[in-house]
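Listed below, chain by chain, are the residues.
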Amino acid sequence: GLPVIVGGADTQIAAAGAGGLDDGVVTVVAGTTTPLQASSAAWHEDPLRHPWVSTHLAPDRWALETNAGYTGMSFDWLADVTGRSVEALADEAATSTPGARGVSAIVTAPTWSEQTWSDRAPSALVGFEPQHRRADIARAFIEAHAYAIRGNLEDLERVLGGPAQRVSLTGGASRSVAFCQLVADVVGRPITQVAGSYPSGRAFAWLASRSGQPTSPPPAPDGRLIEPAGHAAYDDGYQRFVDTAATIHQELPGWAA
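Please read these numbers as outputs of a predicted model, since none were measured by experiment.

S.K.: I keep staring at the overall build of the protein and nothing clicks. Help me out?
M.R.: Along the backbone of the protein there are 8 helices and 9 strands. The C-alpha radius of gyration computed for the protein amounts to 18 Å, which stays within 12% of the reference 18 Å derived for 257 residues, consistent with globular compactness. Principal-axis analysis of the C-alpha atoms places the extent of the protein at approximately 65 × 40 × 40 Å. Looking at the protein residue by residue over its 257 residues, the buried ones come to 48%. Of the contacts formed within the protein by residues at least 6 apart in sequence, a portion of 75% connects residues at least 24 apart. Accessible area of the protein: about 12400 Å², with a carbon and sulfur share of 55%. Counting 17 positive and 27 negative side-chain charges, the protein places the centres of these two groups 4 Å from one another.

Right, here's the structure in full:
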């Protein structure tokens, strides 16, 4: 006797609640992993087979999704092994400098595909020397999160055929203004920090109200637009991250499998 409401996949729900059903929007859900998803009325086929393409919550919409890897999970691990809370370790990371003083944490994925996730290389910390502090390592982990967002965003835009009109950031990490600013600085464009503590709830309410009938998707919630401040160190750090990740994957493929 209970009503049954057809829902959707986790990222589709989060994207819909963040206004990500509109064309030209890429929604970044920064959590345990960090999927990036775009909505499109057209089917997109990539010869590299990178985005995962599936049906979306709204009629005649497709979801194109990549993933930056085990982002939040990696930082949780670092906090655990260093005996710090996630919040305290993030605050400590802020005392380091952009570029993490030359340390690269290869703990996230510059691009996504089924193959790279199934035979991903081991995580690695590169450039670490005795003079580095815990803050530098922590910052390298957080910057790796932002670098992977940039790589996956650029790869998704390659398939879409042009730059996104808006990049919206939601998920647990998006509650940190400092992290949102880092992402804006690394990708070099404005980022919308989605308002509200639980945007997915907006999508649940929308799905429930549809009662099986197509309706207009929920409008994008209010958000804070964060402009990039510009740091050359992030361009250098990003290239170091991408090159190191490619080398490790080439030399140690399938390690994690």
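Once the structure has been displayed, the description carries forward.
S.K.: Looking at this structure, how should I read the packing of helix H3 (residues 86-93) against helix H5 (residues 134-160)?
M.R.: In the contact formed by H3 and H5, the axes pass within 8 Å of each other and the chain directions differ by 100 degrees. What the angle tells us is that H3 and H5 run roughly perpendicular. Only Arg134, Ala135, Ala138, Arg139 and Ile142 of H5 make contact with H3, whose side of the interface consists of Leu89, Ala90, Glu92 and Ala93. Here the residues of the contact of H3 with H5 are counted per class, giving 6 nonpolar, no polar and 3 charged.

S.K.: Honestly, the pattern of salt bridges in this entry has me stumped. Any pointers?
M.R.: Two side chains with opposite charge may pair up if their charged atoms get near one another. By the definition in use, this model includes 11 salt bridges. Between Arg158 and Asp155 there is a salt bridge, and its shortest N-O distance comes to 2.9 Å. Of this pair, Arg158 and Asp155 both sit in helix H5, 3 residues apart, roughly one helical turn. Among the residues examined, Arg158 registers a relative accessible area of 39% and is labelled partly exposed. The network of salt bridges with shared partners includes Asp46, Asp155 and Arg158.

S.K.: It is not clear to me how the nonpolar core should be interpreted in this structure. Could you clarify?
M.R.: Proteins that are soluble and globular tend to have nonpolar side chains buried together. The biggest cluster of nonpolar side chains holds 48 residues, and the ones touching the most others in it are Val26, Leu36, Leu169, Phe179 and Val183. Per element, the largest residue contribution to this core is 13 residues, and it comes from H5. Leave out the neighbours within four places in its chain, and Phe179 touches Ala30, Ile142, His145, Ile149, Leu169 and Ala173. The next biggest cluster of nonpolar side chains, apart from the first, holds 8 residues, and it includes Ile13, Ala58, Ala203 and Leu207.

S.K.: Teacher, can you tell me more about unusual backbone geometry here?
M.R.: In terms of backbone geometry, most residues other than glycine have negative phi values and most peptide bonds are trans. At Ala100, a residue that is not glycine, the phi angle is positive and equals roughly 55 degrees. Following the sequence through the fold, Ala100 ends up in the loop between H3 and strand E5 (104-106). Taking the relative accessible area as the measure of exposure, Ala100 reaches 0% and is therefore buried. Phi angles above zero are rare outside glycine, and Arg101 is one such case at about 55 degrees. For Arg101, a relative accessible area of 38% translates into the label partly exposed.

S.K.: For this particular structure, what's the right way to read the environment of Ser168?
M.R.: Its location among the elements puts Ser168 in strand E7 (residues 166-170). Along the sequence, Ser168 and Val25 sit 143 residues apart, while their C-alpha atoms lie 7.3 Å from each other. Among all residues touching Ser168, those that are not within four sequence positions of it are Ala18, Val25, Val26, Thr27, Val28, Thr192 and Val194.

S.K.: Explain the packing of aromatic side chains to me, please; I cannot follow it from the model alone.
M.R.: A ring pair, where both rings are aromatic, is described by two values, the distance of the centres and the angle of the planes. Scanning the entire structure with this criterion turns up 4 aromatic pairs. Between Tyr147 and Phe241, the aromatic rings sit 5.7 Å apart at their centres with planes inclined by 40 degrees, giving tilted as the arrangement. Of this pair, Tyr147 sits in helix H5 while Phe241 is found in helix H8 (residues 232-251), placing the two residues 94 residues apart along the sequence. Linked through ring pairs, Tyr147, Tyr238 and Phe241 together constitute an aromatic cluster. Above the ring of Tyr238, the side-chain terminus of Arg150 is found at 4.0 Å from the ring centroid.

Basis of the calculations
- Residues numbered from 1 in each chain as written.
- Predicted model: local features only at pLDDT ≥ 70, side-chain atom pairs only at ≥ 80, totals over all residues.
- Heavy atoms only, no water.
- Helix = DSSP H or I, 4+ residues; strand = E, 2+ residues; numbered from the N terminus.
- Rg over C-alpha atoms; globule rule 2.2 N^0.38 Å.
- Buried < 20%, exposed > 50% of the residue type's maximum accessible area, 1.4 Å probe, protein only.
- Contact = heavy atoms within 4.5 Å.
- Areas by Shrake-Rupley, 256 points an atom, 1.4 Å probe, with all protein chains shown as cover.
- Lys, Arg positive; Asp, Glu negative; His and termini not counted.
- Charge placed at Lys NZ, Arg CZ, Asp CG, Glu CD.
- Axes fitted to C-alpha atoms, helices over the stretch in contact; angles between N-to-C directions.
- Parallel < 35°, antiparallel > 145°, perpendicular 65-115°, else oblique.
- Nonpolar A, V, L, I, M, F, W, Y, C, P; charged D, E, K, R; others polar.
- Salt bridge = Lys/Arg side-chain N within 4 Å of Asp/Glu carboxyl O.
- Core = buried A, V, L, I, M, F, W, Y, C linked by side-chain atoms within 4.5 Å.
- Phe/Tyr/Trp six-rings, centres within 6.5 Å; stacked < 30°, edge-to-face > 60°.
- Lys NZ or Arg CZ within 6 Å of the ring centre and 35° of its normal.

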